[in-house]
Amino acid sequence: MIIGIPKEIKNNENRVGMTPSGVREMIKHGHPVYVQASAGVNSGFDDAAYIAVGAKILPTIEEVYAVAEMIVKVKEPIASEYKLVRNGQLVFTYFHFASSEQLTKAMIESGAVCCAYETVERSDRSLPLLIPMSEVAGRMATQEGCYFLERPRGGKGKLMGGVPGVKPANVLVIGGGVVGTAAARMAAGMGADVTICDISLPRLAYLTDIMPKNVKTLMSSEYNIREELKRADLVVGSVLIPGAKAPKLVTRDMLSLMQPGTVMVDVAIDQGGCFETSHPTTHEEPTYYVDGMLHYCVANIPGAVPYTSTLALTNATLPYALQLADKGWRKACSDNEELRKGLNVVEGKVVYKEVAEAWGLEYEPLEL
């Protein structure tokens, strides 16, 4: 199968779909790989590194899409790419269809086979291709929140860990999954007073066992969230329902409970956001205010640390990409239940129930 790796063109997206190491494995399996010129430069991999492992470099994104049977990317195609995706082409990337009706309809019209990293799911309900980027995003949510708490950046002017005689910042993490756990651990390491809430008692019990003493667990409910918001300095939203829109757990009226300059980081923005007042931002213009609260809603947080992110992503995606290339998408998804759950839009049909429900489209279960 011919593999194409285009350069990411989403705002400040510096990652690349595959490292030279991953490309080498693809070529060892007999799959020609075409990489767009300078695609890996911002991740620390120049064209020479790809050439050295046997890849062919193409100058334009149009040429990569035209030659490839499978496109391996990081982020969903943006509007200028829609026309490049063609009928029957396999696109393997993060799609987050439930956050964009335009993207969903464009991929339906393209007739492509869209396999989404974020819905590849193991039998234990874990999401192996989302986990590495969730770990990065969770750590960065706290790192960015800490930065924007500084007064010159628009925050309250609080130091996360405080100093002797001065209390540390209060951090509320909503959602105890991979993102929330990483965010809470990072905040705890900085010395903050952290509360992490979730709707699962077993998860809360697990977090109680593994977290340091400055992390408290709390059952997630509207009442408890409202009470915690009154004292929060940093709020991290990290709730995920695979393939579906994120629930709005912090509503507009709740902002009146909070103190001006509170920083709100919505990591769930890729799935529509879990704060009612969230809308996607970019690394170029990452924040905005609503009722005095500083919102950080960057839709590709790990793109700010592309070297780490690209390595972590390729480590996770390569085994699945090899299966798709070796067997073809239909046989690979028939043999592997995890990959089958990654199929969202196939040759004009929506085959993932939550995506169909998000936009009122017909759901057509896939028969392999």
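Worth saying up front: this structure is predicted, and the values here are computed from it rather than measured.

(A) Here's a closer look at the pairing of strand β11 (residues 263-266). The side-chain alternation of β11 yields two buried faces, one formed by V263 and V265 and the other by M264 and D266. Relative to β11, strand β10 (residues 234-237) runs parallel, the two being bridged by four bridges. Along β11, the bridge assignment pairs V236 with V265. Here β11 pairs with strand β13 (residues 293-296) via three bridges, running parallel. Looking at the pairing, V265 lines up with Y296 of β13.

(B) Seen up close, the packing of aromatic side chains. Using the criterion set out here, one finds six aromatic pairs in the structure. An aromatic cluster is present here, built from F92, Y94 and Y117 joined pairwise through their rings.

(C) The packing of helix α1 (residues 20-28) against helix α10 (residues 306-327), seen in detail. Direction vectors running N to C along α1 and α10 enclose 20 degrees, while the axes themselves pass 10 Å from each other. Overall, the two elements α1 and α10 adopt an arrangement that is roughly parallel. Handedness of the α1/α10 crossing: right-handed. Across the interface between the two elements, G22, E25 and M26 of α1 pack against T314, L318, A321, L322 and A325 of α10. Within the contact of α1 with α10, the residues separate by chemical class into five nonpolar, two polar and one charged.

(D) Molecular detail of the pairing of β10. Neither face of β10 is exposed, since L234 and V236 on one face and V235 and G237 on the opposite face are all buried. Both strand β7 (residues 170-174) and β10 contribute to a ladder of four bridges, which runs parallel. Residue V171 lies in a different strand from β10, and its bridge partner there is L234.

(E) Expanded view of the sheet that holds strand β8 (residues 193-198). Here we have seven strands laid out as an open sheet, ordered β9-β8-β7-β10-β11-β13-β12, and mixed in their pairing. Two strands lie at the open edges of the sheet, namely β9 (215-219) and β12 (287-290), each paired on one side alone. This sheet shows a mean twist of 20 degrees between the axes of neighbouring strands, independent of strand direction. Seen against the sheet, helix α6 (residues 131-148) touches β10, β11, β12 and β13 and runs at an angle of roughly 155 degrees to β11. Lying over the sheet, helix α7 (residues 178-189) contacts β7, β8, β9 and β10, oriented at roughly 165 degrees with respect to β8.

(F) The sheet that holds strand β14 (residues 343-346), seen in detail. Read across the open sheet, the eight strands follow the order β3-β2-β1-β4-β5-β6-β14-β15; overall the sheet is mixed. The sheet terminates laterally at β3 (56-58) and β15 (349-350), the two strands that pair on one side only. Sheet contacts for α10: β1 (3-5), β4 (70-72) and β5 (90-93); angle to β5, the most-contacted strand, approximately 170 degrees.

(G) Quick look at the packing of α6 against α10. Remark: α6 packs on α10, axes separated minimally by 8 Å, with the N-to-C direction vectors making an angle of 155 degrees. Classed by the angle they form, the pair α6 and α10 counts as roughly antiparallel. Contact residues: P132, M133 and V136 in α6; S309, A312, L313 and A316 in α10. Across the contact of α6 with α10, the residue classes break down as six nonpolar, one polar and no charged.

(H) Layout of unusual backbone geometry. Not every positive phi belongs to a glycine, and N12 is a case in point at roughly 55 degrees. Topologically, N12 is positioned in the loop between β1 and α1. Positive phi outside glycine occurs at E347, with the angle close to 50 degrees. The exposure class assigned to E347 is partly exposed, which follows from its relative accessible area of 41%.

(I) Just the environment of I78, in detail. By the element assignment, I78 lies in the loop between β4 and α4 (79-82). The class of I78 is partly exposed, set by a relative accessible area of 23%. The spacing of I78 and L103 is 25 residues in sequence and 7.5 Å in space, taken between C-alpha atoms. Filtering out sequence-adjacent residues up to four positions away, I78 remains in contact with I9 and K10.

Analysis parameters
Residues numbered from 1 in each chain as written. Predicted model: local features only at pLDDT ≥ 70, side-chain atom pairs only at ≥ 80, totals over all residues. Heavy atoms only, no water. Buried < 20%, exposed > 50% of the residue type's maximum accessible area, 1.4 Å probe, protein only. Helix = DSSP H or I, 4+ residues; strand = E, 2+ residues; numbered from the N terminus. Pairing = 2+ DSSP bridges. Phe/Tyr/Trp six-rings, centres within 6.5 Å; stacked < 30°, edge-to-face > 60°. Axes fitted to C-alpha atoms, helices over the stretch in contact; angles between N-to-C directions. Parallel < 35°, antiparallel > 145°, perpendicular 65-115°, else oblique. Left-handed = near helix turned anticlockwise from the far one by under 90°. Contact = heavy atoms within 4.5 Å. Nonpolar A, V, L, I, M, F, W, Y, C, P; charged D, E, K, R; others polar.

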